[in-house]
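A look at the structure
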Amino acid sequence: INAEYGGTEFSGVPELASGELVCDMSSNFLSRPVDVSKYGIIYAGAQKNCGIAGVTIVIVKKSLLGQHREDTPVCLEYETAAKNNSMYNTPPVFAIYVAGLVFKWIKSEGGVAEMAKRADARSAALYDAIDGSGGFYNAPVS
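Read on for an overview of the structure.

**Notes on the environment of Val36**
Structurally, the position occupied by Val36 is in the loop between strand E3 (22–24) and strand E4 (41–45). Separated by 25 residues in the primary sequence, Val36 and Lys61 have C-alpha atoms spaced 9.0 Å apart. Those residues within four positions of Val36 in sequence are excluded, and the remaining contacts are Ile42 and Ile59.

Right, here's the structure in full:
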C-alpha cells in the first residue's frame with residue numbers, strides 16, 4: 001500500500017478486527033504481487049502504471065456488491081458495473097485498449113513478479129544515489 005503524499009508505503013497489509021480493507025493502489029498497481037483476498041475493495045487509476053487517464057481498475061469482493069448507501073446513484077454502484085460487465089456507461093475504449101497493451105507487455109516481460117524485481121532495482125539505485133550524495137539529497141522517510 002503506497003501513499004502519494006510523502007512517498008510512504010506500508011510494508012504489509014493491516015489486520016482488521018472487523019470490516020473490510022479498502023485500498024487505493026494507484027501508485028503501485030502491478031508493481032508487485034498482491035494477495036487480493038485480504039482486501040474488500042482495491043482500486044487504481046490506470047494512468048500511473050497501466051495506461052492513460054480514463055480507466056480505473058476496481059476489484060470488489062462479491063460479498064460487498066449491493067452494500068451501498070440508499071442515496072448512491074445507480075451508475076456509481078459497483079453492483080451495477082458488475083451486472084453490466086463494466087459497460088453500464090460507454091467505456092473509454094482507447095484507454096482500455098492501451099491498458100490491455102500494457103497488461104500484455106507485463107505478461108511478456110515475466111509478469112508482476114518481474115515488475116517487482118525491476119521496481120526493487122530502481123529503488124535501490126535511487127536510494128544508493130541519495131545515500132552517496134554527501135547530504136546534497138536526503139530521504140526524510142526511513
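**Notes on the nonpolar core**
Soluble globular proteins tend to bury their nonpolar side chains together. If you look at the biggest cluster of nonpolar residues, it comprises 15 residues, and the most contacted ones within it are Met25, Phe29, Leu30, Tyr39, Cys50, Val55 and Ile57. Mapped onto this core, the elements with two or more residues apiece are E4 and helix H3 (93–108).

**Some points on the layout of surface pockets**
Where empty space is left in the structure can be found by rolling a water-sized probe over the atoms. In this structure, the largest pocket spans a volume of roughly 730 Å³. Every residue lining the largest pocket is counted, 25 residues in all, and those nearest its centre are Thr56, Val58, Ala81, Ser86 and Met87. For the lining of the largest pocket, the element with the highest residue contribution is strand E5 (residues 56–60), accounting for 5 residues. Here the residues of the lining of the largest pocket sort into 16 nonpolar, 7 polar and 2 charged.

**Digging into a nonpolar patch on the surface**
Among the surface-exposed residues, Val22, Tyr43, Val58 and Tyr78 lie close enough to one another that they form a single nonpolar patch of about 320 Å² accessible area. Within the element layout of this structure, Val58 appears in strand E5.

**Structural notes on unusual backbone geometry**
Unlike most non-glycine residues, Leu30 shows phi in positive territory, near 70 degrees. Residue position: Leu30 is located in the loop between E3 and E4.

**Some words on the environment of Asp24**
Along the polypeptide, Asp24 turns up in strand E3. For the pair Asp24 and Ala44, spaced 20 residues apart in the sequence, the C-alpha separation amounts to 5.7 Å. Within the structure, Asp24 has its side chain in polar contact with the side chain of Ser26 (distance 2.6 Å).

**A word on the side chain of Ser31**
Among the structural elements, Ser31 can be located in the loop between E3 and E4. There is a polar contact of 2.6 Å between the side chain of Ser31 and the backbone oxygen of Asn28. Once residues lying within four places of it in the same chain are set aside, the contact partners of Ser31 are Val112, Met115, Ala116 and Ala119.

**Observations concerning H3**
For H3, which comprises 16 residues, the first-to-last C-alpha distance of 23 Å matches the rise-based estimate of 22 Å (1.5 Å per residue) to within 8%. Where H3 is concerned, the buried positions are Ala95, Val98, Ala99 and Ile106. Within H3, the buried residues cover an arc of 100 degrees as seen down the axis, which keeps them to one side. What points out from H3, more than 90 degrees from its buried face, is the exposed set Val93, Phe94, Lys104, Lys107 and Ser108. Just downstream of H3 lies Gly110, where phi reads positive at about 120 degrees.

Definitions and limits used
- Every chain begins its residue count from 1, and numbering advances along the sequence as written.
- Local features are withheld for residues below a pLDDT of 70 in this predicted model, meaning they are given only at 70 or higher, and side-chain atom pairs are given and counted only at 80 or more; totals for whole chains, interfaces and linings count all residues.
- Just so you know, side-chain values use all the structure's heavy atoms and leave hydrogens and water out.
- By the criteria applied, helices consist of DSSP H or I runs no shorter than four residues and strands consist of E runs no shorter than two, each listed in order from the N terminus.
- Residue contacts are counted whenever heavy atoms from the two residues lie within 4.5 Å of one another.
- Think of a nonpolar core as a cluster: buried Ala, Val, Leu, Ile, Met, Phe, Trp, Tyr and Cys residues, connected wherever their side-chain atoms sit within 4.5 Å.
- Whether a residue is buried, partly exposed or exposed follows from its accessible area with a 1.4 Å probe, protein chains only, as a fraction of its type maximum: under 20%, in between, or over 50%, in that order.
- Only protein atoms enter the calculation, which uses a 1 Å grid: trapped sets of points that fit a 1.4 Å probe without letting it out are cavities, open sets showing protein on both sides within 12 Å along at least five of seven lines are pockets, and any residue with an atom within 4 Å of a point is a lining residue.
- Grid points are joined across faces, edges and corners, and a volume is the space filled by probe spheres set on the points.
- Basically, the charged four are Asp, Glu, Lys and Arg, the nonpolar ten are Ala, Val, Leu, Ile, Met, Phe, Trp, Tyr, Cys and Pro, and anything else, Gly included, counts as polar.
- Like charges within 9 Å and nonpolar side chains (Val, Leu, Ile, Met, Phe, Trp, Tyr) within 5 Å are joined into patches, using only residues over 30% in relative accessible area that form no salt bridge.
- Using the Shrake-Rupley algorithm and a 1.4 Å probe, accessible areas are obtained, with residue cover drawn only from the displayed protein chains.
- We count a salt bridge whenever a side-chain nitrogen from Lys or Arg sits within 4 Å of a carboxyl oxygen from Asp or Glu.
- Within 3.5 Å is the distance limit for a polar contact, defined as a pair of N or O atoms, with the added protein rule that one can donate a hydrogen and the other accept it, and that residues adjacent in sequence qualify only through two side-chain atoms.
- One fewer than the residue count of a helix, multiplied by 1.5 Å, yields its expected span.
- This arc corresponds to the set of directions leading from the helix axis out to the C-beta atoms.

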